[in-house]
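# What the coordinates show
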Amino acid sequence: MSDVTRNRSPQGQVAYEDVDDLISTATRLMQKDAAPETLTTEDVKRIGQELDIPAEYIDRAMEVLEQRRREQEQAKLEAERARQARRERLRKGAWIAAGVAVVLGLSGLFVRNGLNSTLQEVTRQRAQVRNVMERREREQARYATATPGPERDAQLSGAENRVSVEQRRYDILATGYNASASSFPRSWVVRLSGLPTAVPLSTEVASW
């Protein structure tokens, strides 16, 4: 017969070696379920009499105790209100932060689109300058061996003037882009979006 079989008790009976553990567990459960013991004011006064404490001091002590309990309850209520207020501020702060992020995102998008539009105008005007410069080169090649005269001078002068006019237009657009790209908060958008911080003026362009 195994040890497990020898130690097993019949149903409804408790083995001797388990009695101490059973009683200890039952005691803990009883203490856990027992209602807290309370005394009436008269009980406390009788105890005070046994300790030679006048009843008036018991009454005053009870008032102090009640005041302390009220203050503790008030402190708990105020702490809970403060926690709720903090949670509400955090929620509002989160909503405000989200709203600011949306506004900044939309503003950044509008700024970037505006800068992109200006940059495209600068690029188109640069191409126009290149076109009139190529035309000027063709005119110069055409009249390189021609006899000087009013027609030749007018053609060459006109080609030169067209280049000057288109370069001035380019410089106006480039200056406008550079001013916008360097101003706040556009400069911040420029850095984040990868747009050029500045474009060269006509006098700074090495090759059109």
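Report follows, based on the coordinates.

### Notes on the nonpolar core
Core analysis: the biggest nonpolar cluster contains 18 residues, and L115, Y170, Y177, L195, V199 and W208 have the highest contact counts within it. If you list the elements that add at least two residues to this core, you get α4 (55–142), α5 (150–182) and α6 (186–193). At 7 residues, α4 tops the list of elements feeding residues into this core. Ignoring anything within four residues of it in the chain, the contact list for L115 reads Y177, S180, A181, R186, V190 and L195.

### Considering the side chain of E139
Relative to the helices and strands, E139 resides in helix α4. The buried charged residue E139 lacks any salt bridge partner; its closest oppositely charged side chain belongs to R142, at an N-O distance of 4.1 Å.

### Considerations on the pattern of salt bridges
Here the structure, examined in full by the defined rule, presents 9 salt bridges. For K45, the salt bridge goes to D59, with nearest N and O atoms at 3.1 Å. With K45 in helix α3 (residues 41–50) and D59 in helix α4, this residue pair connects regions lying 14 residues apart in the sequence.

### Considerations on the environment of L39
Secondary-structure assignment places L39 in the loop between α2 (16–33) and α3. With residues near it in sequence (within four places) discarded, L39 still touches V44 and I47.

### Side note on a nonpolar patch on the surface
Taken together, the side chains of L39, I47, L51, I53 and Y57 make up a nonpolar region of the molecular surface, amounting to roughly 480 Å² of accessible area. With respect to the secondary-structure elements, Y57 resides in helix α4.

### Here we look at the packing of α5 against α6
Running from N to C, α5 and α6 cross one another at 95°; their axes reach a closest spacing of 5 Å. As summarised for this structure, α5 and α6 are arranged roughly perpendicular, according to the angle between their axes. Residues S180, A181 and S182 of α5 pack against R186, S187 and V190 of α6. Looking at the contact of α5 with α6, its residues break down into 2 nonpolar, 3 polar and 1 charged.

Rules used throughout
Residues numbered from 1 in each chain as written. Predicted model: local features only at pLDDT ≥ 70, side-chain atom pairs only at ≥ 80, totals over all residues. Heavy atoms only, no water. Core = buried A, V, L, I, M, F, W, Y, C linked by side-chain atoms within 4.5 Å. Buried < 20%, exposed > 50% of the residue type's maximum accessible area, 1.4 Å probe, protein only. Helix = DSSP H or I, 4+ residues; strand = E, 2+ residues; numbered from the N terminus. Contact = heavy atoms within 4.5 Å. Lys, Arg positive; Asp, Glu negative; His and termini not counted. Salt bridge = Lys/Arg side-chain N within 4 Å of Asp/Glu carboxyl O. Patch = residues over 30% accessible without salt bridge, like charges linked within 9 Å, V, L, I, M, F, W, Y side chains within 5 Å. Areas by Shrake-Rupley, 256 points an atom, 1.4 Å probe, with all protein chains shown as cover. Axes fitted to C-alpha atoms, helices over the stretch in contact; angles between N-to-C directions. Parallel < 35°, antiparallel > 145°, perpendicular 65-115°, else oblique. Nonpolar A, V, L, I, M, F, W, Y, C, P; charged D, E, K, R; others polar.

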